[in-house]
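Structure at a glance
Chain residues, written in single-letter form:
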Amino acid sequence: MALSRGKRAWGLVGTLCRGRRCGSTWTYEGVAPKVHEDAFVAPSASVIGRVAIGRGSSIWYTCTLRGDVNHISIGDETNIQDGTVIHVAKNNAKGAELPTIIGNKVTVGHMALLHACTLEDKSFVGMGSIVMDGAVMKEGSMLAAGSLLTPGKVVPSGQLWGGRPARFMRNMTEDEIAFLEPSAKKYADLARRHAATIKEATM
């Protein structure tokens, strides 16, 4: 999936969501989210407006994705874990658009906050981290849990950043780099199990 920041990036993936798999989806100004039929959106998640979610991706319980003043685009086999909030900005001080663009096989840990940023393929955002406007995580990069990636910062491929504000910590090990794709696959498989088996409990 191309990581385009243009107006056409949203809405190119899949079809309108339907059924239990789609959780709570809402139109905004007449525009509905578009979710691939093989994606999973948990029942308590909220997905609003110009949001596109690709094949095998998963939006977990209590997440909020709000595509109102700009769009959110999520690629294939990406997991957005429980409690994460994703939003956008209309533009920056120079007039450049600021959607949120998330690539393929990306892992976003529980309770993260992503705002008007770009996460390239196989990047990893640790639990409780914040990624701010215009920040970019390059392919195969990692942000440690609880970090704050400030506006406009770029995390290069193969690097681990962490802290508040986040700074370069070290180059990733071979094991850490090798972990990124299996991590995404594990969540894609788990999401299929949830989609197939969850139902409202009777008391």
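Before any of the text, the structure's been laid out above.
Below: a short report on this structure. Keep in mind that what you see is a predicted model, and the values were worked out from it rather than measured.

**Quick notes on the pairing of strand E22 (residues 159-162)**
Neither face of E22 is exposed, since Gln159 and Trp161 on one face and Leu160 and Gly162 on the opposite face are all buried. As defined by bridge partners, strand E19 (residues 142-143) adjoins E22 across two bridges and the pair is classed as parallel. Paired with Met142 across the strands is Leu160, a residue of E22. Alignment of E22 against strand E23 (residues 167-171), held across four bridges, turns out to be antiparallel. Its bridge partner being in E23, Gly162 is matched across the sheet by Arg167. Counting the residues in the hairpin turn of E22 and E23 gives four residues, including Gly163, whose phi is positive at 105°.

**Description of the sheet that holds strand E8 (residues 79-80)**
The strand order across the open sheet formed by eight strands is E4-E6-E8-E13-E16-E19-E22-E23, and the pairing between neighbours is mixed. A single partner strand is all that each edge strand has here, and the edge strands are strand E4 (40-41) and E23. Pairing of E4 with strand E6 (residues 58-59), which is carried by two bridges, proceeds in the parallel orientation. Bridging across to E6, Val41 finds its partner in Ile59.

**Regarding the environment of Asp121**
Along the chain, the position of Asp121 falls in the loop between strand E15 (118-119) and strand E16 (124-125). Each C-alpha atom of the pair Asp121 and Gly75 lies 8.4 Å from the other, and the pair is 46 residues apart in sequence.

**Remarks on the pattern of salt bridges**
Under the defined criterion, the tally for this structure stands at nine salt bridges. The shortest N-O distance in the salt bridge between Arg55 and Asp76 comes to 3.6 Å. Here Arg55 is found in the loop between strand E5 (46-53) and E6, whereas its partner Asp76 is found in the loop between strand E7 (64-74) and E8, with 21 residues between them in sequence. Ionic pairing is found between Lys105 and Glu181, a salt bridge with its closest N-O pair at 2.8 Å. Linking Lys105 in the loop between strand E12 (100-102) and strand E13 (107-108) with Glu181 in helix H1 (residues 174-197), this pair joins segments that are 76 residues apart in sequence.

**Remarks on the packing of aromatic side chains**
Applying the stated rule across the entire model yields five aromatic pairs. Look at Phe40 and Tyr61: their rings are 6.3 Å apart centre to centre, the planes differ by 70°, and that puts the pair in the edge-to-face class. One end of the pair, Phe40, is in strand E4; the other, Tyr61, is in the loop between E6 and E7, and 21 residues separate them in sequence. Residue class for Tyr61 comes out partly exposed when judged on its relative accessible area of 21%. Here a set of aromatic residues connected by ring pairs shows up, and it is made of Phe40, Trp60, Tyr61 and Tyr187.

**What to know about unusual backbone geometry**
With an omega of 0°, the peptide bond running from Arg164 to Pro165 counts as cis. Backbone geometry at Thr62 places phi at a positive 65°, although glycine is not the residue there. For Thr62, the location among the structural elements is in the loop between E6 and E7. The class of Thr62 is partly exposed, set by a relative accessible area of 48%. The residue Ala116 is not glycine, and still its phi comes out positive at about 55°. Position of Ala116 relative to the elements: it lies in the loop between strand E14 (113-115) and E15.

The rules behind each value
- Residues numbered from 1 in each chain as written.
- Predicted model: local features only at pLDDT ≥ 70, side-chain atom pairs only at ≥ 80, totals over all residues.
- Heavy atoms only, no water.
- Buried < 20%, exposed > 50% of the residue type's maximum accessible area, 1.4 Å probe, protein only.
- Helix = DSSP H or I, 4+ residues; strand = E, 2+ residues; numbered from the N terminus.
- Pairing = 2+ DSSP bridges.
- Salt bridge = Lys/Arg side-chain N within 4 Å of Asp/Glu carboxyl O.
- Phe/Tyr/Trp six-rings, centres within 6.5 Å; stacked < 30°, edge-to-face > 60°.

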